Amino acid sequence: ETTVAHVFVTLGASGDLAKKKIYPTLWWLYRDGLLPPKTHFIGYARSKLQMADIREKALPFMKVKNGEEEKLEAFFKVNQYISGDYNSQADFQKLNQLIAKIGSCNRIFYLALPPNIFEPATTQIKNVCMSQNDQWTRVIIEKPFGRDLETYLALRDHISTLFTEEQIYRIDHYLGKEMVQNFMVLRFGNSIFNPIWNRNSIASIVISFKEPIGTQGRGGYFDQSGIIRDVMQNHLLQLLSIVAMEKPPSTNAEDIRNEKVRVLKCVPPVNIKNVVLGQYTGKPGADGEAALGYLDDPTVPKDSVTPTFAAAVLFVKNERWDGVPFILRCGKALNERKAEIRIQFRDVPGDIFQPGLVKRNELVFRVQPKEAVYMKVMTKVPGMAFNCEETELDLTFEKRYEHAKFPDAYERLILDVFTGSQMNFVRSDELYEAWRIFTPLLKSIDNERPTIVPYEFGR
Ligand code: BG6
């Protein structure tokens with residue numbers, strides 16, 4: 001048999017991301033037969049664990065169904081774990097020996113690691129773990145990609161001495177979401193949108209993310225970032241760039257990424273005057289996590305002023321968008337889980353109806369939950385009387401595509417790495433722009449300790 005083998009190495013295999021996302025995703029891809037035959041998995045971390053421990057940690061998140069037991073055993077049969085230090089060349093040599101036993105193979109390294117061990121780990125991969133001959137090596141990296149422009153540049157320079165851009169897959173998992181993928185088709189596969197997709201017709205664009213959970217044990221990580229670094233600078237800005245970009249010459253990865261960079265270059269740094277920040281407090285009498293405020297998380301310093309909610313107005317200074325506010329809003333411990341993009345149109349000019357009756361059109365793209373596109377339009381209330389009301393033209397995907405499977409974002413993205421498609425990954429110049437836009441704001445938050453509005457969990 002000549003099919004080349006693959007190995008997928010998870011560095012940080014004992015961590016939170018690995019158990020909640022990476023192992024479950026690998027299992028789903030394996031179960032559904034989407035991975036190349038002869039794919040092996042290796043977990044690496046400092047903790048002296050066995051594969052059985054990793055399995056036990058990940059199992060609650062893997063959603064194994066009845067009848068899948070045999071496949072599950074087969075999956076774990078091609079899984080191994082090895083403990084080692086991130087600074088030790090000898091330990092990485094052991095990892096390399098383990099990989100070498102598989103034979104010559106393509107190699108994927110997923111770095112699910114805290115930032116402080118990122119440099120030594122990547123250096124060791126480069127030193128002793130790269131594939132030989134015709135086989136390739138790809139590395140997947142996750143945020144945080146630095147904490148501001150300077151630290152990002154240092155990270156970028158480090159990585160670029162080790163790997164080429166083609167070898168680096170920077171994950172922003174929002175790019176793997178079904179609705180985000182669909183955006184290209186909706187915008188550029190329909191002729192009705194482009195003529196109204198500009199400052200002449202659009203009054204504002206609101207891009208929002210809400211989740212009904214607090215830090216849930218990730219306080220240590222979160223307090224170093226805050227909601228702007230955690231969600232706004234990456235996930236929401238990615239959505240902004242896809243909404244605002246010009247039509248790329250093709251659907252080729254570089255063509256799309258060029259357009260995203262081009263539009264981000266037109267966004268000036270966020271002004272702190274256009275920003276509202278909040279931090280959640282416990283809800284008295286509530287059950288479970290909701291009773292606890294951000295500062296009650298034992299891993300968060302008692303006097304932390306890290307925002308868990310932020311709203312910011314951004315502008316895109318180009319011919320299409322000049323003057324249109326892009327309102328980015330994100331928060332933890334809110335009333336529901338929802339991510340959406342709302343395009344708000346201008347008032348009907350020369351309105352002939354009763355003043356105040358006609359509402360603005362709104363086009364909504366719901367990213368989650370329950371992907372949908374709907375347009376708020378005015379209609380006549382059926383019947384003799386001549387009354388208008390607002391209603392919706394509604395494309396809710398689970399109604400229209402009853403039996404469709406909506407893959408998880410990580411499933412699509414990890415599969416993309418196997419197939420070598422970088423379309424849904426963040427290029428280094430995109431990240432540069434993202435940090436340029438947010439760094440001045442982040443600096444003033446760190447240095448000036450601006451007002452943080454408290455809000456009750458679940459608001
Ligand atoms: C992650 C953030 O990138 O995205 C988390 O670090 C956040 O804080 C998560 O909860 C939200 O992702 P999703 O896919 O659940 O919307």
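Now for a look at the structure at hand.

Procedures and definitions
- Residues numbered from 1 in each chain as written.
- Predicted model: local features only at pLDDT ≥ 70, side-chain atom pairs only at ≥ 80, totals over all residues.
- Heavy atoms only, no water.
- Helix = DSSP H or I, 4+ residues; strand = E, 2+ residues; numbered from the N terminus.
- Expected span 1.5 Å × (residues − 1).
- Bend = angle between axes of the 7 residues up to and from the residue.
- Buried < 20%, exposed > 50% of the residue type's maximum accessible area, 1.4 Å probe, protein only.
- Core = buried A, V, L, I, M, F, W, Y, C linked by side-chain atoms within 4.5 Å.
- Contact = heavy atoms within 4.5 Å.
- Arc of directions from axis to C-beta.
- Polar contact = N/O pair within 3.5 Å; in protein donor to acceptor, adjacent residues only side chain to side chain.
- Patch = residues over 30% accessible without salt bridge, like charges linked within 9 Å, V, L, I, M, F, W, Y side chains within 5 Å.
- Areas by Shrake-Rupley, 256 points an atom, 1.4 Å probe, with all protein chains shown as cover.
- Salt bridge = Lys/Arg side-chain N within 4 Å of Asp/Glu carboxyl O.
- Pairing = 2+ DSSP bridges.
- Axes fitted to C-alpha atoms, helices over the stretch in contact; angles between N-to-C directions.
- Near = heavy atom within 4 Å.
- Phe/Tyr/Trp six-rings, centres within 6.5 Å; stacked < 30°, edge-to-face > 60°.
- Lys NZ or Arg CZ within 6 Å of the ring centre and 35° of its normal.
- Right-handed = clockwise from strand over helix to strand, strands pointing away.

Between its terminal C-alpha atoms helix H1 (residues 16–31) stretches 22 Å, which fits the 22 Å expected from 16 residues at 1.5 Å a residue. At Ile22, H1 shows its largest kink, close to 30°, and the proline Pro24 lies no more than four residues downstream. Residues of H1 that are buried: Ala18, Ile22, Tyr23, Pro24, Thr25, Leu26, Trp27, Trp28, Leu29 and Arg31. Once H1 ends, the next one or two residues include Gly33, with phi positive near 65°.

What tends to happen in soluble globular proteins is that the nonpolar side chains get buried as a cluster. Counting residues in hydrophobic clusters, the biggest one holds 138 residues, and the most contacted among them are Leu95, Leu314 and Phe438. The greatest single-element share of this core, amounting to 12 residues, is contributed by helix H8 (residues 219–244). Non-local contacts of Phe438, meaning those with residues more than four positions away in its chain, are made with Ile228, Met232, Gln233, Leu237, Val270, Leu314 and Leu328.

For helix H4 (residues 89–102), which comprises 14 residues, the first-to-last C-alpha distance of 20 Å matches the rise-based estimate of 20 Å (1.5 Å per residue) to within 8%. Those residues of H4 that fall on the buried side of the exposure criterion are Asp91, Phe92, Leu95, Leu98 and Ile99. In a view along the axis of H4, the buried residues occupy a sector of 110°, so they form one face of it. Of the exposed residues in H4, those oriented more than 90 degrees away from the buried face are Gln97 and Lys101. Those residues of H4 that are buried lie in contact with strand E1 (5–11), strand E2 (39–45), strand E3 (79–83), strand E4 (105–111) and helix H5 (118–128). Two to three positions downstream of the cap, the backbone nitrogen of Ala90 sits 3.3 Å from a side-chain oxygen, assigning the N-cap of H4 to Ser88.

Okay, a nonpolar patch on the surface next. A contiguous nonpolar patch, built from Ile352, Phe353 and Phe386 and spanning about 380 Å² of accessible area, is present on the exposed surface. Locating Phe386 in the fold gives a position in the loop between strand E13 (372–380) and strand E14 (388–396). Given a relative accessible area of 62%, Phe386 falls into the exposed group.

Another point: the sheet that holds E4. The strand order across the open sheet built from six strands is E3-E2-E1-E4-E5-E6, with neighbouring strands paired in parallel fashion. Each of the sheet's edge strands pairs with one partner strand only, and the pair in question is E3 and strand E6 (168–170). Here the strands of the sheet are splayed against their neighbours by 20° on average, with no regard to which way each runs. With five bridges connecting them, E4 and strand E5 (residues 137–141) associate as parallel partners.

Turning to the site of the ligand, a few remarks are in order. Surrounding the ligand, one finds 13 residues, the nearest of these being Lys143, Tyr174, Lys177, Asp230 and His235. Within the side chain of Glu211, an N or O atom sits 2.9 Å from an oxygen atom of the ligand. Here an oxygen atom of the ligand and a side-chain polar atom of Lys332 are 2.8 Å apart. A total of three residues in the shell around the ligand trace back to one element, the largest contributor, which is H8.

A cis amide bond, omega 0°, links Lys143 with the succeeding residue Pro144. With respect to the helices and strands, the residue Pro144 is situated in the loop between E5 and helix H6 (149–162). Here the residue pair Gln368 and Pro369 is connected by a cis peptide bond, since its omega of -10° sits within 30 degrees of zero. Among the structural elements, Pro369 can be located in the loop between strand E12 (362–368) and E13.

Right, let's talk about the pattern of salt bridges for a bit. This model, assessed by the stated rule, comprises 32 salt bridges. With a shortest N-O distance of 3.9 Å, Arg147 and Asp446 are connected by a salt bridge. Residue Arg147 is located in the loop between E5 and H6, and its partner Asp446 is located in helix H12 (residues 428–448); the two are separated by 299 residues in the primary sequence. Owing to a relative accessible area of 44%, Asp446 belongs among the partly exposed residues under this scheme. A cluster of three or more residues bridged by salt bridges with shared partners is formed by Arg31, Asp32, Lys65, Glu68, Lys405 and Glu411.

Let us now look at the packing of aromatic side chains. Under the criterion given, the structure shown has 21 aromatic pairs. Linked through ring pairs, Phe222, Tyr280, Tyr294, Phe309, Tyr455 and Phe457 together constitute an aromatic cluster. Across from the ring centre of Trp136, 3.5 Å away, lies the NZ or CZ of Arg138, which sits over that ring. Cation over ring: Lys177 sits above Tyr174, and NZ or CZ is 4.5 Å from the ring centre.

Burial analysis of E2 places six of its seven residues in the buried class, the great majority of the element. In this structure, E1 lies alongside E2, joined through six bridges in parallel fashion. Looking at E2, one finds that Phe8 is bridged to Phe41. For the segment spanning E1, H1 and E2, crossover handedness is right-handed. Two elements, E2 and E3, share five bridges in a ladder whose sense is parallel. Along E3, the bridge assignment pairs Phe41 with Asn79.

Nothing here speaks to function; it is all geometry.
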